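One letter stands for each residue in the lines below.
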Amino acid sequence: MRDKRTSRGAAAVALALAAVLAAAPVPAAARAEAPFSFAGTPGKLPKDVIPLLYDAHLVPNIADDTFSGHQTVEIEVLRATRRIVLNAAKLKVGHATLSRRGKARQTLQPILDEQQETLAFELKTPLAPGRYTLALRFRGQINREGRGLFQVGYKVGGVDKKLVATTMEPSDARRMLPTWDEPAFRARFKLTVDLPASFKAYSNTPALKQEKLAGGLQRISFAPTPKMPSYLVVLVAGEMERVTARQDGVEIGIVTTEGKLGATAFPLAATRDLLRYYNNYFGVSYPLAKLDQIAIPGGFNGAMENWGGIVYNEATLLYDPKKSPEDTKKLSFEVNAHEVAHQWFGNLVTMAWWDNLWLNEGFASWMASKATERFHPEWRPYLDGIVERESVLNLDARKTTHPIQMRIDNEEQAAGAFDAITYIKGQGFLRMLESYVGEAKFRKGIRAYMAAHQYSNTTTADLWTAIETASGKPVARLAADWTTQPGFPLISVAQACEGGKRKITLSQEQYRVDEPATEERLWSVPLQVATVGGRAWTTLLTNRSTTITQGGCDGALVVDPDSVGFFRIQYDRASFDALAANAAQLPDPTRLKLLLDAWSLVTAGRTPLASYVELVAKYGDEPRLAVWESILSNLGTLQNLARGEPESAPVRRFVAGFMQPRFDKLGWEPRAGETIEESRLRPLLAGALARAGDERAIAEARRLFTRYMVDPSSVSPEMLDFVVNTAGRYADAATYAALGRALAASTSDEERYRIGGAMTLVLDPVLAASTLEMALSPQTPSNLVGHIVAGVGREHPDQAWAFAVANRGALVASADAVARNRALASVVASSPDARHADMMEQYVAKNFGPDALVEARRIGNGIRVRAAQKARLLPQVRAALAAPRE
């Protein structure tokens, strides 16, 4: 699952962040990890009965959003038992029977436990080991929110349409079918569905049979799937269109609602490239007959990796070069690469239980970055990954963090595990591990792991065994430090030249930005040590400190020159000055990491703000987009901390003055021969200028917006986000009304994200109230409701909080399983006011369960960290920003 959305305003947020944190269960480090065994895998369900084949027939009632169904499940009783237990949620189960060849059919009485989401059958006499057939009839609801089977309303040519789709991860298959809904219970699924004759339907496997029925209906039967966990079951049905190609014997389809095939060429070509690349990398070919990439207009965010039928919010897959900026193309490829990687990591080989979710998500993220580097080096994805890692380093440096691998006891905790630590720290650790053992040996280990465990489940122990065997390095010991401990180290670097030789002292301590760590944690840290432009060599730091010697003292010392490490570095003053003196000439990863670590040390109170200002002054002519994204993020943080304070004006003047020379070189209009990076940098800088209050940038945005409202093609796709976001931020009533009309007329999720996001940025509190009311409109897709309210909360936290409290039920009901526990807390998540943390935590403690309170405490900790940074940094602003700069 990938919940990565575009940066088009506040309604389209980056990766969904969640964590089981301050009051989290005991971390996995407290338990010895063992290779996969079905009997030893955690979970609620007894393991004396397992499913083998589900043969399910569904009959959705599209008009009233209900469905009925019946299924037979071939089961195997492994040990004698008098009880069969599986999962069901929000289902009404009627007639049920159990049969076995040569035995009389038994009628069973269903026992539903709504709290535990289980369905049980008590037997009068014990069932002997062997195979049986369980038959069930049931009814359920087609949901508005993205849980289980859900509906999406949309328009084509002004006509209302509806489709149905599914999203099951982590535990919502039980809302559509009674299932053994835990990942270790792999089984085959054979699905049949009755639908309106105008619908087309897509599932994990190709349709085997299509029959006409009376009353304008049809029946579609799909081929059986391979053995797989229930969360990968998919059904999408509606008035859809499909374009196809073949790659390595597999039919690839891009599926959309009507009229959008013009935006399918790029994702179709990308999927062909990805399938070929992954087949070769993993050494195990994609095993299904087809791979559909299904784009739906709303219902949920991001994408879901269902085997053979990946479902995307259309904004994360479709790309129309006439209407979409390069960022949309990049997003499409990255999310596509992540989801297709899951067809191996997660689908072919599945984590045994949700405590090893990172085996799915961290690996898919890591593999996607490799594929993006392979096919689109012009985007410099390696640098993007360093910047993306930054937000997770900041989360992981707090007391409310959690290990990559953590204990999961229930479904809510499983949903909370889909967070940035799982995805991005997992990805960052794998990048560091691959660098340590070597790319070829790492790949050899991955191939062995895939070959040994296909169509089965694993734990981390299985993976470490494979990579350790392939590399001959102590992978399991190193990995345990990084996956079962929370946090990461600060590496302190000191050097001295003695007798013509350089003595380097490397030390580690746990790095924190909130309060000093009380634990005495150590990590096995692979460190690359080099001089700038010289050859790096690797040492493994396993103790608190070590001293190493180099042959000479020439050249500037650099640690982690390629920025592969998941840690911070603090150089002694002389070493830092030597790097900073030539910052503009440093290699890209070294230059970026120096800047990122310098800012973090400032926010942690370890160095003064002036030291960062002096360093960043050397980056005024910076060519790399990713470096500018880092600079603007950090300066944006300073702007937000200063909002409403006397320091706001000097901060905004500094930001605008720093950016203006670089923007002037780019100009407002594209130049012949400019790079993709330059064309993407222009709107980034223009937007930052506008946020800093630059009147020329704001006026240009308004001028272009007026043109855009008359002729959308008059504004280049690259400038759309700048134009629409700036118009929304500084909107008057007339501009706001124009945005509202454009939103109502929009025909794609990309447009809705852009325009709706801009409306959440509005500074006028009266217009912000209208945006909040928009969140509750029946026309607003459920997946956008929470993002609209939280988006307004960034500029108007008290106003948005009051609205969220007054409409708590509607806000929570619109959220999917992953977002539910943070639905209220996220409204004030961007605040630097500790008062908001206290207010929010008290409310959540009173009105929600313990898992939501864990998330509230994480968000509250982030607010208090920002409040402390505000108190620490604002008194330094005037002196730091007045200092002479290059």
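As a reminder, the structure under discussion sits directly above these lines.
Attention here is on the structure that accompanies the text. (Residues numbered from 1 in each chain as written. Predicted model: local features only at pLDDT ≥ 70, side-chain atom pairs only at ≥ 80, totals over all residues. Heavy atoms only, no water.)

In this structure, W180 and Y278 are the most contacted members of the largest nonpolar core, which totals 282 residues. For Y278, the residues in contact, after removing those within four places along its chain, are G283, A337, V340, A341, W344, M367, A368 and A371. (Core = buried A, V, L, I, M, F, W, Y, C linked by side-chain atoms within 4.5 Å. Buried < 20%, exposed > 50% of the residue type's maximum accessible area, 1.4 Å probe, protein only. Contact = heavy atoms within 4.5 Å.)

Another aspect to go through is the sheet that holds strand β3 (residues 81-87). Sheet strands pair by backbone hydrogen bonding; their relative direction is either parallel or antiparallel. Taking strand neighbours across the sheet as the criterion, the three strands line up as β3-β7-β6 in an open arrangement whose pairing is antiparallel. The outermost strands of the open sheet, each flanked by one partner alone, are β3 and β6 (111-113). Taking the axes of each pair of neighbouring strands and ignoring which way they run, one obtains an average angle of 25° across the sheet. In this sheet, strand β7 (residues 118-127) lies alongside β3 in antiparallel orientation, the contact comprising six bridges. Bridged to V85 within β7 is A120. (Pairing = 2+ DSSP bridges. Helix = DSSP H or I, 4+ residues; strand = E, 2+ residues; numbered from the N terminus. Axes fitted to C-alpha atoms, helices over the stretch in contact; angles between N-to-C directions.)

The next thing to look at is the state of the cysteines. According to the stated counting rule, one finds one disulfide in the structure shown. Between the sulfur of C497 and that of C553 lies a disulfide, 1.9 Å long from S to S. On the sign convention where negative means left-handed, the S-S torsion of about 90° between C497 and C553 marks this disulfide as right-handed. In this pair, C497 is assigned in strand β23 (residues 489-498) and C553 in the loop between β27 (545-550) and β28 (557-559), connecting sequence segments 56 residues apart. In this structure C497 comes out as partly exposed when scored by relative accessible area, which is 49%. (Disulfide = S-S within 2.5 Å.)

This part takes up the pattern of salt bridges. Summed over all chains, the structure comprises 61 salt bridges. One salt bridge in this structure joins R175 and E117, with 3.9 Å as the shortest N-O distance. Placement of the pair is R175 in the loop between β10 (159-167) and β11 (188-196) and E117 in the loop between β6 and β7, with a sequence separation of 58 residues. Per residue, the accessibility class of R175 equals that of E117, and both read buried. R568 is paired through a salt bridge with D597; the nearest N and O atoms lie 3.1 Å apart. Of this pair, R568 sits in strand β29 (residues 568-571) while D597 sits in helix α11 (residues 588-603), and the two are 29 residues apart along the sequence. (Salt bridge = Lys/Arg side-chain N within 4 Å of Asp/Glu carboxyl O.)

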